[in-house]
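Chain and residue survey
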Amino acid sequence: DPKSMYNAATLAYLGDAVWELFLRRSHVGQPLNLANYRMKVQRQACAEAQAKFAKNLLKAKRLNKMEESIFKWGKNSRITIPTKYNNSRGRLIYTEATALEALIGYLYLTDPTRLLSIMSSLGAAESD
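Residues numbered from 1 in each chain as written. Predicted model: local features only at pLDDT ≥ 70, side-chain atom pairs only at ≥ 80, totals over all residues. Heavy atoms only, no water.

Looking at the pattern of salt bridges
When charged atoms on two side chains of opposite charge get close, those side chains can pair. Going through the model one piece at a time under the given rule, you end up with 3 salt bridges. Residue Glu20 is joined to Arg24 by a salt bridge in which the shortest nitrogen-to-oxygen separation is 2.9 Å. Of this pair, Glu20 and Arg24 both sit in helix H2 (residues 8–27), 4 residues apart, which is roughly one turn of the helix. Residue Glu20 is classed as partly exposed on the basis of its relative accessible area, which comes to 27%. (Salt bridge = Lys/Arg side-chain N within 4 Å of Asp/Glu carboxyl O. Helix = DSSP H or I, 4+ residues; strand = E, 2+ residues; numbered from the N terminus. Buried < 20%, exposed > 50% of the residue type's maximum accessible area, 1.4 Å probe, protein only.)

Here it is, written out as structure tokens:
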């Protein structure tokens, strides 16, 4: 069980990379130059965008009990919050983004099929 092997911040670190990879893959089919690809991905990979995706995921009630537990664990993890987010609103944004990343990291390690389902529901995966 990854939850017993890793802390939430580590799963978020992994989840951040997986999130960006899914975003890159979803955009790469569009005929753009590299700078445009990078710009599109960065818009969706920032904490503000990830927090919005997290809120949408929770609002849609797409998570099972275990996934909700991982999400909350990620949100409550002890992380260093960048200075840019060092106010009450910024901390909320950053912790919600971290929660989403932790969930993605967890699903990447435990259930790739479920990960794909979640990413597709967020519009961050190619539809085959």
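Past the structure itself, the notes keep going.
Describing the nonpolar core
One finds Trp19, Leu57, Leu100, Ile104, Leu115, Met119 and Leu122 to be the most contacted residues of the largest nonpolar core, which totals 27 residues. Of all the elements in the fold, those that place two or more residues in this core are H2, helix H3 (34–45), helix H4 (47–59), helix H5 (65–75), helix H6 (88–110) and helix H7 (112–121). When residues of this core are assigned to their parent elements, the largest contribution, 7 residues, is made by H6. For Ile104, the residues in contact, after removing those within four places along its chain, are Gly15, Val18, Trp19, Leu115 and Met119. Listed in part, the 5 residues of the second largest apolar core include Ala47, Tyr85, Ile93 and Ala97. (Core = buried A, V, L, I, M, F, W, Y, C linked by side-chain atoms within 4.5 Å. Contact = heavy atoms within 4.5 Å.)

Some details on the environment of Thr80
In this structure, Thr80 sits in the loop between H5 and H6. Between the alpha carbons of Thr80 and Gly123 there is a distance of 29 Å; along the sequence they are 43 residues apart.

Some points on the packing of aromatic side chains
Inspection of every chain in the model, using the stated rule, returns 1 aromatic pair. Ring centres of Trp19 and Phe53 lie 5.0 Å apart, and the angle between their planes is 65 degrees; this geometry places the pair in the edge-to-face category. Of this pair, Trp19 sits in helix H2 while Phe53 is found in helix H4, placing the two residues 34 residues apart along the sequence. According to the relative accessible area criterion, Trp19 is buried, its value standing at 0%. (Phe/Tyr/Trp six-rings, centres within 6.5 Å; stacked < 30°, edge-to-face > 60°.)

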